[in-house]
Amino acid sequence: MDREIRCDVIVVGAGMIGATLGIALASAGVRVAIIDRLAVDTMTAGPYDGRTTAIASAAQRALEALGVWPMLAPDAAAIDDIRISDGRLEPGATEARTSLLHLHFDHRELAEACAPAQPMGHIVENRFIRRALFTRLAAMPTATFLAPAETARITRDNAAATVVLADGRVLRAPLLVSAEGKFGALREQAGIGALQWRYEQTAIVCVAEHEQPHRGVAHEKFLPGGPFAILPMTDDPRTGAHRSSIVWSERADLVPALLKLDDAAFAREFAQRFGSHLGAVRPVGPRYHYPLSLMHAERYIAQRLALVGDAAHAIHPIAGQGWNLGLRDVVALAEVVVDARRLGLDIGGTATLEAYERWRRVDNLALVAATDALNRLFSNDLPPVRLARDLGLAAANRVAPLRRFFMRHAMGAVGDQPRLTRGLPL
Ligand SMILES: Cc1cc2nc3c(=O)[nH]c(=O)nc-3n(C[C@H](O)[C@H](O)[C@H](O)COP(=O)(O)OP(=O)(O)OC[C@H]3O[C@@H](n4cnc5c(N)ncnc54)[C@H](O)[C@@H]3O)c2cc1C
């Protein structure tokens, strides 16, 4: 076992963002070490993460360019349409009442711009994304994947970043990246503050089986406790059952009791929110829960350090954009690092890191603010607010350019696109 590993970049955290960054850098021959404290088997096991991710079409192009998408395609369900509606729960009713005013995004509306019509994105189970990323990483000659590995000491100075692992191995590189998720220690150690608050909402995540096929339509119902998202999945490969993935954001104080309900009572609460548009429905498998909070780091960089993904910004899942935003950090950071290296510049130097931060700040800030505002606007039952937002939905639904604007944003097809999200190699 090498006691000292010299590389170009050290990435701490091999979640879906850190692992993708490792692949992106290694695809251009950058020597990268990726460290996670958890074992690969733990991170890919079913119970570790019950979520799915809506992969927007720009992120899909990047995964294609990185050789990851072919491994995901068989397990990916296309999102062709998105239907957004406002709903109310009335005591005793078997189903939430949804407002007649709604917003409908149909992917065929973008057919002119990118003929033929492409899906707006795909839903893939997180465990499949992790499995594909780790398989790809293992095949990359300039990537060293260390998991499980505990970091004992991390220092940074003018010349390099040094990571000492608990087993005594020492890694040294001109650039250190924190992809540690929203509770990342490196951000705090670097003295970078953050804007953060809890939402007093918890997302219950599970799978629903329903009688009718979803036909590629995702639903977002705004209920008083929070948004209830129904996301199309592939049919169960064993039973052929039609399935959707559910992200049910609910008042945090109600969630413990909901999670403890027996199957029949939980199914009733669930069906009330899901509705009957796909025939008979039932929740299946484990119920996962994720407390929701917002975090936005004041800086994304410090001496020889860059933050990416949830380590830099964690947002409400209301728009299914957290990983997509992190992916945009990844492709931007990989591009500035690779370009600096080709020019013989310092890849962990201030100029390189500032270029990364400039590129990402506005896009991230915009989505942090937009998701927060949307959640505040929709997660309440005040009659005047409900009326205003229903009229807003209906008005947006009538304006085709506005619909196309939202769709392009949801697909990640806006702004200054790095090479990878244009489908080009680094
Ligand atoms: C309910 C829910 C639904 C969501 N749905 C979507 C969606 O549809 N689309 C979308 O784009 N986003 C979605 N998101 C957001 C998305 O899941 C996150 O943005 C994304 O998973 C963040 O990935 P990450 O790799 O940055 O962080 P994490 O997934 O938190 O990974 C961090 C990794 O770092 C490791 N680590 C941390 N500290 C250390 C250390 N010191 N040493 C070694 N290892 C360390 C951890 O073990 C972990 O593996 C959703 C979020 C929630 C809560």
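Here is a short report on the structure shown in this document. (Residues numbered from 1 in each chain as written. Predicted model: local features only at pLDDT ≥ 70, side-chain atom pairs only at ≥ 80, totals over all residues. Heavy atoms only, no water.)

1. Some remarks on the pairing of strand 14 (residues 194–210)
Sheet topology places strand 14 next to strand 18 (residues 281–297); 13 bridges connect them, and they run antiparallel. Looking at strand 18, one finds that His-210 is bridged to Val-281. Here strand 14 pairs with strand 17 (residues 242–251) via ten bridges, running antiparallel. Each residue of the ladder has a partner; that of Val-207, found in strand 17, is Ser-245. (Pairing = 2+ DSSP bridges. Helix = DSSP H or I, 4+ residues; strand = E, 2+ residues; numbered from the N terminus.)

2. A word on helix 5 (residues 126–138)
The terminal C-alpha atoms of helix 5 lie 18 Å apart, and with 13 residues this matches the ideal 18 Å at 1.5 Å per residue to within 8%. Those residues of helix 5 lying buried are Asn-126, Phe-128, Ile-129, Arg-130, Ala-132, Leu-133, Phe-134 and Leu-137. (Expected span 1.5 Å × (residues − 1). Buried < 20%, exposed > 50% of the residue type's maximum accessible area, 1.4 Å probe, protein only.)

3. Remarks on the environment of Phe-145
Tracing the chain through its elements places Phe-145 in strand 9 (residues 143–146). Using a relative accessible area of 24% as the deciding quantity, one classes Phe-145 as partly exposed. Here the alpha-carbon distance between Phe-145 and Val-32, two residues 113 residues apart in the chain, equals 8.5 Å. Beyond its immediate stretch of four places on either side in the chain, Phe-145 contacts Ala-14, Ile-34, Val-40, Phe-134 and Leu-137. (Contact = heavy atoms within 4.5 Å.)

4. A short note on the site of the ligand
Taken together, the neighbourhood of the ligand is formed by 30 residues, with Asp-36, Ala-54, Asp-310, Trp-323 and Asn-324 sitting nearest. Here Asp-310 contributes a side-chain N or O atom positioned 2.8 Å from an oxygen atom of the ligand. Take Gly-322: an N or O atom from its main chain is 3.3 Å from a nitrogen atom of the ligand. When the ligand is considered free in solution it has 1,000 Å² of accessible area, and contact with the protein chains removes 89% of it. Mapped by element, the contributors of at least two residues to the shell around the ligand are strand 4 (52–56), strand 14 and helix 9 (322–342). (Near = heavy atom within 4 Å. Polar contact = N/O pair within 3.5 Å; in protein donor to acceptor, adjacent residues only side chain to side chain. Areas by Shrake-Rupley, 256 points an atom, 1.4 Å probe, with all protein chains shown as cover.)

In short, the description is geometric, and any link to function would need to be established separately.
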